[in-house]
Amino acid sequence: LKKKHPNTIRHYIGIMVLYFEDQFKIETSRTILKKRLNLPTVEEEDPEPFTKEEVRKVIDHASSDRKVLFMTLKDSGMRIGETCQLRKADFDTTGDTIQINIKAKYTKEKKAHSTFVTRETKPMLLQRLESLEDNDLVFGTNEDVDTAVNNEEQAFYYLREKLGLTEKYSHNG
């Protein structure tokens, strides 16, 4: 077997525990399991962010639709899955800055919150929002979140390939 990530091993053990409890009615104590199993610890690397120049290069070479998406991601700190689910109604354009209201059902932690975009992004985003109805997806290419996220990840991968930004971390590929 290939070497597995520590989190994967923990997940497999959790499934096995549930299986034994369900199929064989064997109750297991998580404390005893922790004592008896020598699980590998997760090594956390400090990832290197894109430099300002690399971000500028990506945005400059992106299509106009993706340029607005990348600028919004850069400004707001949202995850791509959150961004792909946003609808025009989630944007408040009445103030000096555009406020994005992220619904709890869009987020990983299931907590609603708001974020903003910069003055640099505002004109492009307003232009994008003009042509949409309130219930239209702003950035998502598909109503299915997983498909929309996959589409954006593929597009980002091809853009990085084109720009030569293909360096990977040694610890996770």
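I will try to describe carefully the structure that is included in this document. (Residues numbered from 1 in each chain as written. Predicted model: local features only at pLDDT ≥ 70, side-chain atom pairs only at ≥ 80, totals over all residues. Heavy atoms only, no water.)

Contact pair helix α4 (residues 64-76) / helix α7 (residues 145-163): the axes reach a minimum separation of 12 Å and the direction vectors enclose 100°. Between α4 and α7, the angle falls in the class roughly perpendicular. Contact residues: Arg66, Leu69 and Phe70 in α4; Asn151, Glu152, Ala155, Phe156 and Leu159 in α7. Looking at the contact of α4 with α7, its residues break down into five nonpolar, one polar and two charged. (Axes fitted to C-alpha atoms, helices over the stretch in contact; angles between N-to-C directions. Helix = DSSP H or I, 4+ residues; strand = E, 2+ residues; numbered from the N terminus. Parallel < 35°, antiparallel > 145°, perpendicular 65-115°, else oblique. Contact = heavy atoms within 4.5 Å. Nonpolar A, V, L, I, M, F, W, Y, C, P; charged D, E, K, R; others polar.)

This next bit is on the nonpolar core. Counting 24 residues, the largest nonpolar core has Phe70, Phe91, Ile100, Leu125, Val138 and Phe139 as its most contacted members. Going through the elements one at a time, α3 (52-61), α4, β2 (99-102), α6 (122-130) and α7 are the ones with two or more residues in this core. The greatest single-element share of this core, amounting to five residues, is contributed by α4. (Core = buried A, V, L, I, M, F, W, Y, C linked by side-chain atoms within 4.5 Å. Buried < 20%, exposed > 50% of the residue type's maximum accessible area, 1.4 Å probe, protein only.)

Tallied over the entire structure, the rule returns seven aromatic pairs. Geometrically, the ring pair formed by Tyr19 and Phe24 is edge-to-face, given 5.8 Å between the ring centres and 80° between the ring planes. Residue classification places Tyr19 among the partly exposed positions, given a relative accessible area of 46%. Taking the relative accessible area as the measure of exposure, Phe24 reaches 48% and is therefore partly exposed. For the ring pair Phe20 and Phe24, a centre distance of 5.9 Å and an interplane angle of 35° mean the geometry is tilted. Three or more aromatic residues link up through ring pairs in this structure, and these residues are Tyr19, Phe20 and Phe24. (Phe/Tyr/Trp six-rings, centres within 6.5 Å; stacked < 30°, edge-to-face > 60°.)

This paragraph deals with the sheet that holds strand β3 (residues 113-116). Taken in spatial order, the three strands line up as β1-β2-β3 in an open sheet, and their pairing is antiparallel. The open sheet has two edge strands, β1 (91-92) and β3, and neither has a second partner. The sheet contact formed by β1 and β2 spans two bridges and is antiparallel. Paired with Phe91 across the bridge in β2 is Ile100. (Pairing = 2+ DSSP bridges.)

Right, let's get into the packing of α4 against α6. α6 packs onto α4 with a crossing angle of 125° between their chain directions and a minimal axis gap of 10 Å. By the angle class used here, α4 and α6 are oblique. α6 is crossed by α4, and the crossing has left-handed handedness. Here Asp65, Lys67, Val68, Met71 and Thr72 of α4 come into contact with α6, specifically with Met124, Leu125 and Arg128. (Left-handed = near helix turned anticlockwise from the far one by under 90°.)

Take the side chain of Thr121 next. On the secondary structure map, Thr121 appears in the loop between β3 and α6. The class of Thr121 is buried, set by a relative accessible area of 0%. Polar contacts involving the side chain of Thr121 include one to the side chain of Asp75, which spans 2.4 Å. (Polar contact = N/O pair within 3.5 Å; in protein donor to acceptor, adjacent residues only side chain to side chain.)

Honestly, that's just the spatial picture; any functional story needs more than this.
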